[in-house]
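Chain and residue survey
Residues per chain, in single letters:
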Amino acid sequence: MAVLDIPQRATMPGTALVDAYAYGTEAMVSGTEAVRTAGARWTGQLGAWLRSEHAFAQLIRFALVGGLSNIGYLLLFLAFYGGGPQLANLAGSIVSTAVANELHRRLTFHAAGRVRWFTAQLEGGGLALAGLAITAAGLAILETTAPGLGDIAEAAAVLAITAAVGTVRFLTLRLWVF
């Protein structure tokens, strides 16, 4: 069957592309609008789901906040590295944790109305102290086993440890704090 033999508005899979091929520019415009409308609808549904209280949506938001927090941590770690890796770890941890706790309270867990700022900082900070102890121990082990590692390699190691601690932190924040 030739393209010219296709009856007007035949139903075929991939209608936008098929219509554009079979019927020309007019169908391409309506097909493009259909794709755009479907894309906008899908994007809206995705956005609504990401703002929902589903555990996986919270995990995604947690990871995004954590990723931004880790970038801030890394920048602070590198800025303070001249004072030694332990000082750099402490400064990066304090600032990035305070910011992350607030973002988790407001964005990740939508708990701004349920959990006050001080409570979130106190409980989230307690979890961060446990994480700080783990990263400090990791740095101490690195300094002993690989003394000439350098700032970028040490920061990468701390970020890997922080990712593991972050998993435990998400579960604790979700189930206990928020």
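Residues numbered from 1 in each chain as written. Predicted model: local features only at pLDDT ≥ 70, side-chain atom pairs only at ≥ 80, totals over all residues. Heavy atoms only, no water.

1. Brief notes about the confidence of the model for the protein chain
Averaged over all residues, the pLDDT of the protein chain equals 81, while 83% of them reach at least 70. Here helix α1 (residues 15–23) stands out as the element of the protein chain with the lowest mean pLDDT, 52, in contrast to helix α3 (residues 55–80), whose mean of 93 is the highest. Confidence over residues 3–7 falls short of pLDDT 50; this stretch has 7 contacts with residues more than four positions distant or in other chains. Segment residues 9–13 is flagged for pLDDT under 50; beyond a separation of four residues in sequence, or across chains, it makes 8 contacts in the model. (pLDDT = per-residue confidence, 0-100. Helix = DSSP H or I, 4+ residues; strand = E, 2+ residues; numbered from the N terminus. Contact = heavy atoms within 4.5 Å.)

2. Overview of the side chain of Arg61
In this structure, Arg61 sits in helix α3. Glu53 is the oppositely charged side chain nearest to the buried, salt-bridge-free Arg61, at an N-O distance of 4.6 Å. If we skip the residues at most four places from it in the chain, Arg61 touches Leu50, Arg51, Ser52, Leu107, Thr108 and His110. (Buried < 20%, exposed > 50% of the residue type's maximum accessible area, 1.4 Å probe, protein only. Lys, Arg positive; Asp, Glu negative; His and termini not counted. Salt bridge = Lys/Arg side-chain N within 4 Å of Asp/Glu carboxyl O.)

3. Digging into helix α5 (residues 117–145)
Its 29 residues place the ends of α5 40 Å apart at the C-alpha level, agreeing with the 42 Å of an ideal helix rising 1.5 Å per residue. Looking at the buried residues of α5, the elements they touch are α3, α4 (85–108) and α6 (151–177). (Expected span 1.5 Å × (residues − 1).)

4. Overview of the packing of aromatic side chains
In total, this model carries 5 aromatic pairs according to the counting rule given. Judged by centre distance (6.0 Å) and plane angle (25 degrees), the rings of Phe109 and Phe170 are stacked. One end of the pair, Phe109, is in the loop between α4 and α5; the other, Phe170, is in helix α6, with 61 residues separating them in the sequence. The same class applies to Phe109 and to Phe170, which are both buried. (Phe/Tyr/Trp six-rings, centres within 6.5 Å; stacked < 30°, edge-to-face > 60°.)

5. With respect to the pattern of salt bridges
On inspection of all chains with the given rule, the structure shows 2 salt bridges. We note a salt bridge from Glu102 to Arg105, for which the minimum N-O separation is 3.0 Å. Residue Glu102 and its partner Arg105 are located together in helix α4, separated by 3 residues, close to a single helical turn. Classification of Glu102 by relative accessible area gives buried; the value is 15%. Residue Glu102 pairs with Arg106 through a salt bridge whose shortest N-O separation is 2.3 Å. Of this pair, Glu102 and Arg106 both sit in helix α4, separated by 4 residues, roughly a single helical turn. Overall, Arg106 belongs to the partly exposed group, its relative accessible area being 48%. Within the structure, one salt-bridge network assembled from shared partners comprises Glu102, Arg105 and Arg106.

6. A look at a nonpolar patch on the surface
Among the surface-exposed residues, Phe80, Leu87, Leu90, Ile94, Val95 and Val99 lie close enough to one another that they form a single nonpolar patch of about 510 Å² accessible area. Broken down by element, the residue count for the nonpolar patch peaks at 5 residues, all from α4. Here Leu87 is to be found in helix α4. (Patch = residues over 30% accessible without salt bridge, like charges linked within 9 Å, V, L, I, M, F, W, Y side chains within 5 Å. Areas by Shrake-Rupley, 256 points an atom, 1.4 Å probe, with all protein chains shown as cover.)

7. What about the environment of Leu159?
Its location among the elements puts Leu159 in helix α6. For Leu159 and Gly67, which are 92 residues apart along the polypeptide, the C-alpha to C-alpha distance reads 9.9 Å. Residues contacting Leu159, with those up to four places away along its chain left out, are Asn70, Tyr73 and Leu74.

8. Examining the packing of α4 against α6
Each pair of packed helices gets described by two things: the angle between the helix axes and the distance between those axes. It is the contact of α4 with α6, at a shortest axis distance of 13 Å, that shows an interaxial angle of 35 degrees. Helix-helix and strand crossings are classified by hand; for α4 and α6 the assignment is right-handed. Residues Pro85, Asn89, Thr97, Asn101 and His104 of α4 touch α6, and the partners they reach there are Glu154, Val158, Arg169 and Leu173. (Axes fitted to C-alpha atoms, helices over the stretch in contact; angles between N-to-C directions. Left-handed = near helix turned anticlockwise from the far one by under 90°.)

9. Quick look at the side chain of Ser96
Structurally, Ser96 is set in helix α4. A relative accessible area of 11% means that Ser96 is categorised as buried. A polar contact is formed between the side chain of Ser96 and the backbone oxygen of Gly92, at a distance of 2.6 Å. If we skip the residues at most four places from it in the chain, Ser96 touches Ser69 and Tyr73. (Polar contact = N/O pair within 3.5 Å; in protein donor to acceptor, adjacent residues only side chain to side chain.)

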